[in-house]
Amino acid sequence: MIAAPKPDLITVNVDGRDVSVPKGTNVIEAARQVGVDVPYYCYHPKLSISGNCRMCLVEIGMPAVDPATKAPIMDPATGKQRINWIPRPQIGCATNASPGLHVRTQTPQIKDCREGVMEFLLVNHPLDCPICDQAGECKLQEQATGYGRGYSRYIEEKNVKPKRTRLGPRVTLDDERCILCSRCIRFCKEIAKDDVLGFVDRGSYSTLTCYPGRELANNYSLNTVDICPVGALTSTDFRFKMRVWFLKQTNSIDTESSVGANTVVWSREGVIHRITPRQNDAVNDTWMADSGRELYKAVRAADRLASCRIGSAEATLDSALLTAGTLLREAAGAVAVVGSGRSSVEEQFLTRRLAESLGTSAHLVSRTGPGDGLLISADRNPNVRGALVTGLISALPPSRLEALAAAIDAGKVRAVVSVGEDLAVAGLTAAQLAKIAVVYLGTHVNATSAAARVTFPTLTVFEKSGCFVNQQFRLQRFHKAVPGPVGAIDDLAALSKLIGAAGGSAPADLHAVWRELAPAVPALREVSLAGVPDSGLVLDSAPYAALPFVEGETLHYKPAAKA
Amino acid sequence: MAVVPLERKPLTFAERTYLPQIAEGLRTTWRHLVRPKTTLEYPEQRPAVPAGYRGVPTLVKDPNGREKCVSCQLCEFVCPPKAIRITPGGIAEDSAHAHVEKAPREFEIDMLRCIYCGMCQEVCPEEAIWLQSQYSMTGYSREEMVNNKARLYELGGTLPDEHFKWDHKKAAEERGGGHH
Ligand code: SF4
Ligand code: SF4
Ligand code: SF4
Ligand code: FES
């Protein structure tokens, strides 16, 4: 990985325009800053430089000085300092900006270089675009449009290589398409720290493969598919499913853990086809875990709740609300609310309002697992920080609802409203569930929905908008990618109606909630929903510095030193 | 605009008898009675469709019976009225055409939407979709007017192939060598 750029700026000249860049920036990035596109394949901003594709060739030169006196040599024709151009082109990815460096990217020599490199890359590349999943987002297609010759001069025979090698459970390799850029190899070695890929054989016979007896099975393997500039590495799940140009992109957040990796959800006509990472240099760089890419499958799972229920019978929203209201009134004074670290900030705010209007406080349950030191943290709830910020809870949640269980056993709690938490998993026994009246808001069938007296079907993270607060106290927005199933109710609307049934009142849509949330929550007083940038907004974490958060170190996050 | 009054000419005697006009009319009638017929007893008789006619879009197979479409969805993308709807899919590894890897699982063309523009045929990189000589599409319901994959292949049949690009590739693979 490139070391964090030092703040001292130096000036370089790209195609006649001066640009100030931090020291250590390479020519590709410096050119990008003045809007000059230097084509490349093997370079990746988050990986080491290997310089093997030669697509990024540029001409470079330095201002001429007299070797003896170090005095600048002027060019009498222009009156400026003469530039000593290096006669042969250099690769831009491995050339770091140095003060006064001059770069030319538009000369006939560079054009020839690019066309030559393209022609060589295409020598053995199959004419696979009609059956290739990368078509539409393929660097080779893009650069061929700019620098290809449109017909082939190659009359020799093209190579034949294996077309569907299984590299691992989630990645399939088409060897013919590989341009040997080694991005995938470097990713496995440098980021995933699972050095399984390498090239065997030489020349045109070079082939990407796993080390003998190993496979590409780590939980970050699909990132190699993302960074493969061509269609060589394909996702076995997404393979041959849909052309990317039909897919709508929606910004979202990975809900697997409190890392809150930024993602893009790709959907067509209300059906999600894949999830890929979205670059956020302060959170997840350009990566995400494989496990987070599968979460969309819950959206169209067979056990999805899609209608209100009273007991096990389907009911209308109104009658379900009426029944819930009656249950809550009957148990007045003995109602508990269980919120969730998976709910959005807005939902947690309304959960707090619900608890307040019922005269109780909310319980929350933690969900932990081993952190992997990269993009999955030990806290598997995406939004425990949100619950702290919105005042839903004031201490870190326990891993089981023991206090609630004890209260139920003692008869002090006779009804529980659970906002998306499966109470059976959270530590209540079947006997305890049977003793109380459960009102459940949830997305899928589970033990709690089976035991619930009233169930409201709500939306998954892909079907609604809102915010999460990740482990860095970074407020991040997620957006609605697809509509929810017919019959499901937006969580905010359901909570608002429940608050109504409990005798309070609360707004039911995102923007209206924010109008009340911003003034009511100290940390968000200065924040507006529209003002949260795509890269998130870091909130003040000082008030919570003393809490013993469970997270260990992950990418871009270091836990506060334990006192 | 100036108005120019025109004087109507009085009819001649012959014109007032109407006889020349009647004779002329009868001449036309008789001429058509003896001329060769130009109309057809449609639908029993069908016109000969000229080559290059743009009729109903169909899917075709190559002379070896392989379905040529690889479900690249370019036709779906280009179709101006969005008449085409494809569900892509892979080809099973034990199939004789496994080397092509991809084929449509379902392919629907809504003939109530199709405007017979021929863009799909023009864009297809596999020469798999052809507007052929079939011109009459009728049905009693909207569903009947949607041609599914089976129907499209039934309408399309087999067309000659110049390239056999996939077969060449497979042969090279089996030979263990390269190909052009
Ligand atoms: S498989 Fe893709 S990323 Fe890996 S070396 Fe080949 S082209 Fe590069
Ligand atoms: S002929 Fe034109 S309108 Fe009809 S299916 Fe093809 S592209 Fe669509
Ligand atoms: S008919 Fe042709 S353009 Fe349409 S999906 Fe099949 S191969 Fe692609
Ligand atoms: S990007 Fe510079 S050599 Fe590949």
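Quick caveat, the model's predicted, so the values are computed rather than measured. (Residues numbered from 1 in each chain as written. Chains lettered and ligands numbered in written order. Predicted model: local features only at pLDDT ≥ 70, side-chain atom pairs only at ≥ 80, totals over all residues. Heavy atoms only, no water.)

Novice: I'd like a description of the overall build of chain B, backed by residues and values.
Specialist: Counting its secondary structure elements, chain B contains six helices and five strands. Its C-alpha atoms give chain B a radius of gyration of 28 Å, clearly above 16 Å, the size a compact globule of 180 residues would have. Along the first, second and third principal axes, the C-alpha atoms of chain B reach 95 × 45 × 40 Å. When the 180 residues of chain B are sorted by exposure, 32% land in the buried category. Pairs at least 24 apart in sequence give 70% of the contacts found in chain B among residues at least 6 apart. With an accessible surface of roughly 12400 Å², chain B has 56% of that area assigned to carbon and sulfur atoms. (Helix = DSSP H or I, 4+ residues; strand = E, 2+ residues; numbered from the N terminus. Rg over C-alpha atoms; globule rule 2.2 N^0.38 Å. Buried < 20%, exposed > 50% of the residue type's maximum accessible area, 1.4 Å probe, protein only. Contact = heavy atoms within 4.5 Å. Areas by Shrake-Rupley, 256 points an atom, 1.4 Å probe, with all protein chains shown as cover.)

Novice: Which residues make up the overall build of chain A, and what are the values?
Specialist: The helix and strand tally for chain A stands at 14 helices and 24 strands. Taken along the three principal axes of its C-alpha coordinates, chain A extends 95 × 55 × 40 Å. For chain A, with 563 residues in total, the buried portion stands at 54%. Surface accessibility of chain A: about 24000 Å² in total, with carbon and sulfur atoms responsible for 55%. Averaging the coordinates of the 62 positive side-chain charges in chain A and doing the same for the 57 negative ones gives two points 0 Å apart. (Lys, Arg positive; Asp, Glu negative; His and termini not counted. Charge placed at Lys NZ, Arg CZ, Asp CG, Glu CD.)

Novice: Explain the sheet that holds strand 14 (residues 271–277) of chain A residue by residue, including any values.
Specialist: Residue and element names in this part refer to chain A. Taken in spatial order, the three strands make up an open sheet running 12-13-14, and their pairing is antiparallel. Every interior strand has two partners, whereas the edge strands, strand 12 (248–253) and strand 14, have only one. Taken over all neighbouring pairs, the strand axes of this sheet differ in orientation by 30 degrees on average, direction set aside. Relative to strand 14, strand 13 (residues 262–268) runs antiparallel, the two being bridged by six bridges. Following the sheet pairing, valine 265 is matched in strand 14 by isoleucine 275. (Pairing = 2+ DSSP bridges. Axes fitted to C-alpha atoms, helices over the stretch in contact; angles between N-to-C directions.)

Novice: Pulling in residues and values, what's your account of the domain arrangement of chain A?
Specialist: Residues and elements named next belong to chain A. Assigned domains of chain A: these are domain 1 (9–106), domain 2 (128–241) and domain 3 (309–544). Using only C-alpha atoms to locate each centre, domain 1 and domain 2 end up separated by 31 Å. Domain 1 puts 13 residues into the contact, and the matching count from domain 2 is 15 residues. Between domain 1 and domain 2, a total of about 1200 Å² is buried, with carbon and sulfur atoms accounting for 55% of that surface. Of all residues in domain 1, Tyr41, Leu47 and Ser48 bury the most surface against domain 2, accounting for 50% of the area lost on that side. There are eight residue pairs in polar contact (both at pLDDT 80 or more) connecting domain 1 and domain 2. (Domains from an automatic or database assignment. Buried area = accessible area lost by both parts, 1.4 Å probe. Polar contact = N/O pair within 3.5 Å; in protein donor to acceptor, adjacent residues only side chain to side chain.)

Novice: Could you give me a rundown of the packing of helix 8 (residues 345–357) of chain A against helix 14 (residues 510–520) of chain A, with the residues and numbers involved?
Specialist: Residues and elements named next belong to chain A. Direction vectors running N to C along helix 8 and helix 14 enclose 70 degrees, while the axes themselves pass 10 Å from each other. The angle between the axes of helix 8 and helix 14 places the two elements in the roughly perpendicular class. Crossing hand, helix 8 versus helix 14: left-handed. Mapping the contact onto sequence places Val345, Glu346, Phe349, Leu350 and Arg353 in helix 8 and Leu510, Val513, Trp514, Glu516, Leu517 and Ala520 in helix 14. Residues of the contact of helix 8 with helix 14, tallied by class, amount to eight nonpolar, no polar and three charged. (Parallel < 35°, antiparallel > 145°, perpendicular 65-115°, else oblique. Left-handed = near helix turned anticlockwise from the far one by under 90°. Nonpolar A, V, L, I, M, F, W, Y, C, P; charged D, E, K, R; others polar.)

Novice: Please set out the side chain of Ser377(A) residue by residue, giving values where relevant.
Specialist: Residues and elements named next belong to chain A. Of note, serine 377 is situated in the loop between strand 18 (362–363) and helix 9 (384–389). In terms of polar contacts, serine 377 uses its side chain to reach the backbone carbonyl oxygen of aspartate 379, at 3.3 Å. When neighbours within four sequence positions are excluded, serine 377 is seen to be in contact with Ser257, Ser258, Val259, Gly369, Pro370, Gly371, Gln471, Glu551 and Thr554.

Novice: Help me get a handle on the site of ligand 1, residues and values and all.
Specialist: With respect to spatial proximity, 14 residues lie near ligand 1, and among them Cys178(A), Cys181(A), Ser182(A), Cys184(A) and Cys228(A) are the closest. Its residues assigned to classes, the shell around ligand 1 comprises 12 nonpolar, one polar and one charged. (Near = heavy atom within 4 Å.)

Novice: Tell me about the sheet that holds strand 2 (residues 84–90) of chain B, residues and numbers included.
Specialist: Strands sit in the order 2-3-5 (chain B) across an open sheet of three strands; the sheet is antiparallel. Of all strands in the sheet, those with a lone pairing partner are strand 2 and strand 5 (146–147) of chain B, marking the two edges.

Novice: Break down the environment of Tyr205(A) for me, with residues and values.
Specialist: Residues and elements named next belong to chain A. Here tyrosine 205 lies in the loop between strand 9 (197–200) and strand 10 (207–210). On the basis of relative accessible area, tyrosine 205 is assigned to the exposed category, the value being 58%. When neighbours within four sequence positions are excluded, tyrosine 205 is seen to be in contact with Asn159, Lys161 and Val200.

Novice: Give me the lowdown on the environment of Pro507(A), citing residues and values where you can.
Specialist: Residues and elements named next belong to chain A. One can find proline 507 in the loop between helix 13 (491–501) and helix 14. Overall, the relative accessible area of 13% leaves proline 507 in the buried class. Put simply, proline 507 and lysine 497 are 10 residues apart on the chain and 8.9 Å apart in space, counted from C-alpha to C-alpha. Excluding residues that lie within four positions of it along the chain, proline 507 makes contacts with Leu350, Arg353, Leu492, Ser496, Ala512, Val513 and Glu516.

Novice: Quick one: what's the story with the interface of chain A and chain B, residue by residue and with numbers?
Specialist: At the junction of the two partners, chain A supplies 25 residues and chain B supplies 28 residues. Interface of chain A and chain B: buried area, both sides summed, is about 2100 Å²; carbon and sulfur atoms make up 54% of it. In this assembly, chain A and chain B are joined by seven salt bridges. Glu176(A) is the partner of Lys169(B) in a salt bridge, and the nearest nitrogen-oxygen pair spans 2.6 Å. Here the side of chain A that touches chain B is composed, by residue class, of 10 nonpolar, one polar and 14 charged. (Salt bridge = Lys/Arg side-chain N within 4 Å of Asp/Glu carboxyl O.)

Novice: Give me the pattern of salt bridges: which residues, what numbers.
Specialist: Applying the stated criterion across every chain yields a total of 41 salt bridges over all chains. The closest approach of N and O atoms between Lys111(A) and Glu115(A), which form a salt bridge, is 3.1 Å. Of the two residues, Lys111(A) and Glu115(A) are both situated in helix 2 (residues 108–123); the distance of four residues between them amounts to about one turn of the helix. Overall, the relative accessible area of 48% leaves Lys111(A) in the partly exposed class. Take Glu115(A): its relative accessible area is 27%, and that puts it in the partly exposed class. Close ionic contact of Arg164(A) with Glu93(B) constitutes a salt bridge, the shortest N to O distance being 4.0 Å. Of the two residues, Arg164(A) is situated in the loop between helix 3 (139–147) and strand 7 (165–166) and Glu93(B) in the loop between strand 2 and strand 3 (102–110); the pairing between them involves two chains. Overall, the relative accessible area of 26% leaves Arg164(A) in the partly exposed class. Take Glu93(B): its relative accessible area is 63%, and that puts it in the exposed class. Through salt bridges with shared partners, one network takes in Asp128(A), Lys163(A), Asp174(A), Glu176(A), Arg177(A) and Lys169(B).

Novice: Lay out the confidence of the model for chain B with the relevant residues and their values.
Specialist: Mean pLDDT over chain B stands at 93; residues scoring 70 or higher make up 99%. What the predictor reports for the complex is a pTM of 0.91 with an ipTM of 0.87. (pLDDT = per-residue confidence, 0-100.)

Novice: Account for the packing of helix 7 (residues 317–330) of chain A against helix 13 of chain A, with residues named and values stated.
Specialist: Residues and elements named next belong to chain A. Helix 13 packs onto helix 7 with a crossing angle of 50 degrees between their chain directions and a minimal axis gap of 9 Å. Viewed along their axes, helix 7 and helix 13 adopt a mutual orientation that is oblique. Here the hand of the crossing between helix 7 and helix 13 comes out right-handed. Of helix 13, the residues touching helix 7 (which contributes Leu317, Leu321, Ala324, Gly325, Leu328 and Arg329) are Lys497, Leu498 and Ala501. Along the lines of polarity and charge, the residues of the contact of helix 7 with helix 13 split into six nonpolar, one polar and two charged.

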